[in-house]
Amino acid sequence: MRDEPRSGCAINAAVEALGDRWSLIVLRDVIFGGRRHFRDLLAHSEEGIASNILSSRLKSLVAGGLLTHEEGGRGRRGTYSLTEAGIQTVPIMAVLGSWGLRHRQTTPELGVRARLLEQAGPPLWEDLMDELRETHLGIPRPDPDRPRASQLLQEAYERTQTPSP
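So, a few notes on the structure that sits alongside this text. The structure presented is a predicted model; accordingly, all values stated were derived computationally and were not measured.

### Side note on the layout of surface pockets
By volume, the largest pocket amounts to about 1000 Å³. The wall of the largest pocket is formed by 28 residues, among which I25, R28, E47, G97 and L110 lie closest to the centre. Every element with two or more residues in the lining of the largest pocket is listed here: α2 (21-33), α6 (90-103) and α7 (108-120). When residues of the lining of the largest pocket are assigned to their parent elements, the largest contribution, eight residues, is made by α2. Among the residues forming the lining of the largest pocket, the class breakdown is 13 nonpolar, seven polar and eight charged.

Structure follows, in structure tokens:
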């Protein structure tokens, strides 16, 4: 990641931080897949990211302030956590998913979360961001009695896995 942006344009600044396709996929897997360890990110990549690319992107996302990394120490795995800037990519991911649903070929099981995020809109995005803040930053959700956004997204995905009668 560059220290100085190519220009002062806000879109350019965002593209420099997020424009690499692998960086967005890694963020997606942390946000929606709950993957916080290198091996989990590598083993469960739908797109088959190579270990050297994953390592490079994780370092870039940490350097760019979207993730933090806590060393695992002896016998423990290192853990990646979203920063507030990383959490605030949820609306970007939702809009990218909506665009992908309309303009690219997707599968029902892998498009279902994007469809739910599109249909439910900003209230679900906010719930998901609150949940991520709780998980990654230790900030309690404002309304702990509300259903977890991650659970709603997971249930929607699981419904696509159930064979039709």
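### Points about helix α9 (residues 149-161)
Its 13 residues place the ends of α9 19 Å apart at the C-alpha level, agreeing with the 18 Å of an ideal helix rising 1.5 Å per residue. Regarding α9, the residues found buried are A149, L153 and A156. The arc enclosing the buried residues of α9, seen along the axis, measures out at 60°, which places them on a common side.

### Observations concerning empty space enclosed by the protein
Counted under the stated rule, the structure contains one cavity of 30 Å³ or more. Estimates place the volume of the largest cavity at around 30 Å³. Lining the largest cavity we find W22, I25, V26, D29, L41, S45, I49 and L54. At four residues, α2 tops the list of elements feeding residues into the lining of the largest cavity. By residue class, the composition of the lining of the largest cavity is six nonpolar, one polar and one charged.

### Observations regarding the nonpolar core
Counting residues in each nonpolar core, the largest one holds 28 residues, and the members touching the most others are L27, L67 and L82. Of all the elements in the fold, those that place two or more residues in this core are α2, α4 (51-63), β2 (79-82), α6, α8 (122-137) and α9. A per-element tally of this core places α2 first, with six residues. Not counting residues within four places of it along the chain, the set of residues in contact with L27 comprises L18, L61, L66, L67, L82, T89 and M93.

Cut-offs and rules
Residues numbered from 1 in each chain as written. Predicted model: local features only at pLDDT ≥ 70, side-chain atom pairs only at ≥ 80, totals over all residues. Heavy atoms only, no water. 1 Å grid on protein atoms, 1.4 Å probe; cavity = no way out; pocket = protein on both sides within 12 Å on 5 of 7 lines; lining within 4 Å. Points joined across faces, edges and corners; volume = space filled by probe spheres on them. Helix = DSSP H or I, 4+ residues; strand = E, 2+ residues; numbered from the N terminus. Nonpolar A, V, L, I, M, F, W, Y, C, P; charged D, E, K, R; others polar. Expected span 1.5 Å × (residues − 1). Buried < 20%, exposed > 50% of the residue type's maximum accessible area, 1.4 Å probe, protein only. Arc of directions from axis to C-beta. Core = buried A, V, L, I, M, F, W, Y, C linked by side-chain atoms within 4.5 Å. Contact = heavy atoms within 4.5 Å.

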